[in-house]
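Each chain, letter by letter, is given below.
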Amino acid sequence: MLETEPAWEVFLSTLRTFLPETKTHRPINATYHLTNAEEDVVALVAKGMGNYEIANVLGKSEKTVRNQITVALDKVGVRSRSELIVKVLSEG
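Quantities reported herein were computed from a predicted structural model and do not represent experimental measurements.

> Would you explain the overall build of the protein chain in this entry?
A tally of regular secondary structure across the protein chain gives five helices and zero strands. Ordering the α and β elements of the protein chain from the N terminus gives α-α-α-α-α. Buried residues in the protein chain amount to 37% of all 92 residues. Contacts in the protein chain between residues at least 24 apart in sequence constitute 51% of all its contacts with a sequence separation of at least 6.

Encoded structure:
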């Protein structure tokens, strides 16, 4: 599922009802060897933020965020943001 699809907002809304409220922002399993910057981006993806929002929060360009997500997807071994979220939340 892509963030441009109509069902994306429904997916995020449903996912957010299951996410615990937390102040930690590094929920990623260390075995993935993500950089701190990639962990920050993935943590915000897991909170349901889009690239534009993530870029604004972290003070990066959208292109940088997109590239870091692509690298994180590869390192974690998934193909989509939704798979990334599920894997990070289930193993974090």
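Still more ground to cover, so stick around.
> Honestly, the nonpolar core in this entry has me stumped. Any pointers?
When a protein is soluble and globular, its nonpolar side chains tend to lie buried together. By size, the foremost hydrophobic cluster in this structure holds 18 residues, and its most contacted members are Val41, Val42, Val45, Ile54, Val65, Ile69 and Leu84. Elements with a contribution of two residues or more to this core: helix H2 (36-46), helix H3 (51-58), helix H4 (62-76) and helix H5 (81-91). Of the residues forming this core, the biggest block, five residues, is contributed by H4. Among residues more than four places away in sequence, those in contact with Val65 are Val41, Asn51, Ile54, Ala55 and Lys60.

> Which parts of the structure should I look at to understand H5?
In an α-helix, one turn spans 3.6 residues, which is why side chains three or four residues apart end up on the same side. Residues of H5 that are buried: Arg81, Ser82, Leu84, Ile85 and Val88. On an axial view of H5, the arc spanned by its buried residues comes to 160°, and they lie on one face. Counted as exposed and oriented over 90 degrees from the buried face of H5: Val86 and Ser90.

> What is the right way to read the packing of H2 against H4 from this model?
Each pair of packed helices can be described by the angle between their axes along with the distance between the axes. Viewed as axis vectors pointing N to C, H2 and H4 meet at an angle of 90°, and their least axial separation amounts to 9 Å. For the element pair H2 / H4, the angle class is roughly perpendicular. Taking contact as the criterion, the partners of Ala37, Glu38, Val41, Val42 and Val45 in H2 are, on H4, Val65, Gln68, Ile69, Val71, Ala72 and Lys75. Of the residues contributing to the contact of H2 with H4, the split by class is eight nonpolar, one polar and two charged.

> How do you make sense of unusual backbone geometry when you look at a structure like this?
Backbone geometry follows two general trends: most residues other than glycine have a negative phi, and most peptide bonds adopt the trans configuration. A positive phi angle, close to 55°, is found at His33, a residue other than glycine. Within the secondary structure layout, His33 lies in the loop between helix H1 (8-18) and H2.

> Just checking my understanding: could you explain the pattern of salt bridges for this structure?
Charged atoms that come close allow side chains of opposite charge to pair. Within the structure shown, the criterion is met by one salt bridge. Close ionic contact of Lys75 with Glu38 constitutes a salt bridge, the shortest N to O distance being 2.8 Å. Here Glu38 lies in helix H2 and Lys75 lies in helix H4, a separation of 37 residues in the sequence. On the basis of relative accessibility, which here comes to 8%, the residue Glu38 falls in the buried class.

Reading the values: the criteria
Residues numbered from 1 in each chain as written. Predicted model: local features only at pLDDT ≥ 70, side-chain atom pairs only at ≥ 80, totals over all residues. Heavy atoms only, no water. Helix = DSSP H or I, 4+ residues; strand = E, 2+ residues; numbered from the N terminus. Buried < 20%, exposed > 50% of the residue type's maximum accessible area, 1.4 Å probe, protein only. Contact = heavy atoms within 4.5 Å. Core = buried A, V, L, I, M, F, W, Y, C linked by side-chain atoms within 4.5 Å. Arc of directions from axis to C-beta. Axes fitted to C-alpha atoms, helices over the stretch in contact; angles between N-to-C directions. Parallel < 35°, antiparallel > 145°, perpendicular 65-115°, else oblique. Nonpolar A, V, L, I, M, F, W, Y, C, P; charged D, E, K, R; others polar. Salt bridge = Lys/Arg side-chain N within 4 Å of Asp/Glu carboxyl O.

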